[in-house]
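What the coordinates show
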Amino acid sequence: VRPTGIGRVQLEIVAELLQESGHVDFVDYDEIHGVFRTAPTSTVAQRVRAMRGESTSANTDPTRRNGSLVRGTSQRLVASLFRSSPATGRHMTMAAGHARRAAQELVRAIKALRVTTTVGRRDTASRCASTTWSNATTFASLGMDFGRYGDYLAERREATAAQVCLVVYDVIPIVQPQFATISFEPFILEVLDLADHVLVISDVTRRDLEAVAARNQRSLPSTTKLPLGSALVELKATKPAVLAGEHDVDSGGFVLYVSTLTLRKNHHLLFDVWEELIRKHGPGNAPRLVVAGQRGPLSTESQSRLDKTPGFKGVVLHVEEATDAEIAWLYSNCRFTVYPSLYEGWGLPVSESHDFGKVCLASDRTSLPEAAEGLA
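The paragraphs below set out a description of the structure included in this document. No experiment lies behind these values; they were computed from the predicted model shown. (Residues numbered from 1 in each chain as written. Predicted model: local features only at pLDDT ≥ 70, side-chain atom pairs only at ≥ 80, totals over all residues. Heavy atoms only, no water.)

1. A word on the environment of Arg37
- Along the chain, the position of Arg37 falls in strand β2 (residues 35-39).
- With 91 residues separating them in the primary sequence, Arg37 and Cys128 have C-alpha atoms 5.0 Å apart.
- Side chain to side chain, Arg37 and Asp30 meet in a polar contact 3.3 Å long. (Helix = DSSP H or I, 4+ residues; strand = E, 2+ residues; numbered from the N terminus. Polar contact = N/O pair within 3.5 Å; in protein donor to acceptor, adjacent residues only side chain to side chain.)

Below you can see the structure in the form of structure tokens.
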């Protein structure tokens, strides 16, 4: 399954950090023995290529950046060790490329520490990584996987005085539980208890996290805002295979919505609009809508409307398994994009739309004005 959303962001940063051997170690949590093991960079790089759908042959440089948007990573390899708390620059004033620059600034901050790894490469498969931790070490997790090893991490933090830096993308399952299928509060409380520093992706996420902390009588750790974006615009665009027979989409006569199919993304609003357009103008004159995204949780009703509404045939098209290059093609060839989401931690497709010079008709909820930067 091709990862989406947060997974894409995780792998973007992992790919940047792969260039910084000597400043970064990757670790994997051994659930059987309850310890962190150092993960060889070659293993991490192989996972990166696999998630991107790239060749894993011996002729491929495992750490070469190809400029594509990173689309996800193994939760068991997203934890990384580096030697001081990461920092990022201010939010870019233009939409194009701002997240890639933020990731590069994160790397530059690590470089500035001028340290080298102390873990030998020969025995990385079996060595307990935390034996080398000290008060000069920062453990950073890029994802929401720390629930697996919170007690162990707390013990090692206490024993070594290592710093802990964690990332919070959003707290939607807490503040908008109707859009979630998981219990999320224990994980966020663990972040508040464990982290010395938290990276947040938007002002909205920071405010939501602050409210959760206050409600649970926790202190909010220091935070740094790390806004998101993509490098899709750098790719060679490829028309989606599922649209091969749809020749009229080549002329840009379609509206695009890039999003996981789930209740929070508000596809029902678009489907209502398109049913009305078809009723008024007929299927031959209604503009086409391309929905690009995988099925997510709480998507049964939306998927049923998409698949079974009689008038949608040939008008509303679903591209479910798009590659990065195919998404780039859709952005390049659409007339404009839409993003009517009800709640976001950021809203990456809004930023992506602007990267391609396409107007986005978006809702003004939560973080979307931040992602739009006044351009939507």
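2. Digging into the sheet that holds strand β10 (residues 316-319)
- One open sheet holds the five strands; their spatial order is β10-β9-β8-β11-β12, and the pairing between them is parallel. With partners counted over all chains shown, the strands left at the sheet margins are β10 and β12 (360-362), one partner each. Adjacent strand axes in the sheet meet at a mean angle of 25 degrees, parallel and antiparallel pairs treated alike.
- Sheet analysis places strand β8 (residues 254-258) next to strand β9 (residues 288-292), joined by five bridges and oriented parallel. What sits directly across from Val258, in β9, is Ala292.
- Here helix α8 (residues 267-281) sits on the sheet and contacts β8, β9, β10 and β11 (336-339); the angle it forms with β9, its principal contact strand, is near 160 degrees. (Pairing = 2+ DSSP bridges. Axes fitted to C-alpha atoms, helices over the stretch in contact; angles between N-to-C directions. Contact = heavy atoms within 4.5 Å.)

3. Thoughts on the packing of aromatic side chains
- Counting across every chain of the model gives 13 aromatic pairs.
- Ring centres of Phe36 and Tyr149 lie 5.0 Å apart, and the angle between their planes is 75 degrees; on these two criteria the pair is classed as edge-to-face. Of this pair, Phe36 sits in strand β2 while Tyr149 sits in the loop between β4 (138-141) and α4 (150-160), and the two are 113 residues apart along the sequence.
- Take Tyr149: its relative accessible area is 2%, and that puts it in the buried class.
- Through a chain of ring-to-ring contacts, the aromatic side chains of Tyr29, Phe36, Trp133, Phe139, Tyr149 and Tyr152 assemble into a single cluster. (Phe/Tyr/Trp six-rings, centres within 6.5 Å; stacked < 30°, edge-to-face > 60°. Buried < 20%, exposed > 50% of the residue type's maximum accessible area, 1.4 Å probe, protein only.)

4. Some points on the side chain of Lys358
- Relative to the elements of secondary structure, Lys358 occurs in the loop between α11 (348-355) and β12.
- Judged by its relative accessible area of 15%, Lys358 is buried.
- With residues up to four places along the chain from it excluded, the contact list for Lys358 reads Tyr331, Ser332, Asn333, Cys334, Arg335 and Ser353.

5. Section: helix α6 (residues 185-194)
- For α6, the complete set of buried residues consists of Ile188, Leu189, Glu190, Val191, Leu192 and Leu194.
- On its buried side, α6 packs onto α4, β5 (163-168), α5 (172-175), β6 (197-200) and α7 (203-215).

6. Some words on the packing of α4 against α6
- Two elements in contact, α4 and α6, have axes separated by 11 Å at closest approach and are oriented at 5 degrees. Taken together, the axes of α4 and α6 are roughly parallel relative to one another. Here Gly150, Asp151, Leu153, Ala154 and Arg157 of α4 come into contact with α6, specifically with Glu190, Asp193 and Leu194.
- Residues of the contact of α4 with α6, tallied by class, amount to three nonpolar, one polar and four charged. (Parallel < 35°, antiparallel > 145°, perpendicular 65-115°, else oblique. Nonpolar A, V, L, I, M, F, W, Y, C, P; charged D, E, K, R; others polar.)

7. Side note on the pairing of β6
- The alternating pattern of β6 places His197 and Leu199 on one face and Val198 and Val200 on the opposite face, and all of these are buried.
- In this view, the connection linking β6 to its parallel neighbour strand β7 (residues 222-225) by way of α7 has right-handed handedness. (Right-handed = clockwise from strand over helix to strand, strands pointing away.)

8. Describing the pattern of salt bridges
- Counting across every chain of the model gives 17 salt bridges.
- Note that Glu185 is salt-bridged to Arg215, the shortest N-O span being 3.9 Å. With Glu185 in helix α6 and Arg215 in helix α7, this residue pair connects regions lying 30 residues apart in the sequence.
- For Glu275, the salt bridge is made with Arg305, and the minimal N-O distance between the two is 2.6 Å. Pair noted here: Glu275 is in helix α8 and Arg305 is in helix α9 (residues 300-308), with a separation of 30 residues, a long-range link.
- What makes Glu275 partly exposed here is its relative accessible area of 37%.
- One continuous salt-bridge network, built from bridges that share partners, spans Asp203, Arg206, Lys225 and Glu370. (Salt bridge = Lys/Arg side-chain N within 4 Å of Asp/Glu carboxyl O.)

Any functional reading would require information that these geometric values do not contain.
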